[in-house]
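Inside the fold
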Amino acid sequence: MGCGQSKVAGAVAPEGEATAARQKEGAEAVARPELRGGKLGASTGMVRTAEAQLERSLEDITGPMDPRQVLRALYTEHCEGPEALEQFESIYGFETCAKEEFECVVGEEGVDKETWTLVEDAAPKVASEAGGGVRDARTLSELLRSEEVKMATLGAEEV
């Protein structure tokens, strides 16, 4: 048998067909009580487990998010990654790069790289430096005091 093939009913069939056949058998076992048990009996348990998992939130499954890890990953991707300085056209029609976009949000000194927390009073790049006047140049601490953020009950990492 070649790679990507399996034996089905005495003949060689592509792996995709064999997988489809197994999936069909499993679906029939769930739909028809007389097929439950024996070789296919695990299918109903797997279905119940899958349904239970769908009712849980991502945080229930993986545990609470550590904002420091998220911030470190965002910083690394936007400021140190291989495409950090690669230019692209923003939705507003001006040229920018990932690093500039990050700095327009948190500022050039907006991340404490020892604790991986945001520096709330760091000033983002001003509109004249990036984006030709379409940027909100408020600091993170100013944004955190804004009515919109208070109403949405957002934390620093979410803003």
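It should be emphasised that the depicted structure is a prediction, and the values quoted were computed from it without experimental measurement.

What to know about the environment of Ser141
Relative to the helices and strands, Ser141 is located in helix α6 (residues 140-144). Not counting the four nearest positions on each side in its chain, Ser141 is found in contact with Glu120 and Asp121.

So, the confidence of the model for the protein
Looking at the protein, pLDDT values average 73 and 64% of them are 70 or higher. Strand β5 (residues 111-112) holds the highest mean pLDDT among the elements of the protein, 94, whereas strand β1 (residues 5-8) holds the lowest, 40. Note on residues 1-13: pLDDT under 50 across the span, and 16 contacts to partners over four residues away in sequence or across chains.

Focus: the side chain of Glu103
Along the chain, Glu103 falls in helix α5 (residues 98-106). Excluding residues that lie within four positions of it along the chain, Glu103 makes contacts with Glu108, Pro124 and Lys125.

Reading the values: rules and limits
- Residues numbered from 1 in each chain as written.
- Predicted model: local features only at pLDDT ≥ 70, side-chain atom pairs only at ≥ 80, totals over all residues.
- Heavy atoms only, no water.
- Helix = DSSP H or I, 4+ residues; strand = E, 2+ residues; numbered from the N terminus.
- Contact = heavy atoms within 4.5 Å.
- pLDDT = per-residue confidence, 0-100.

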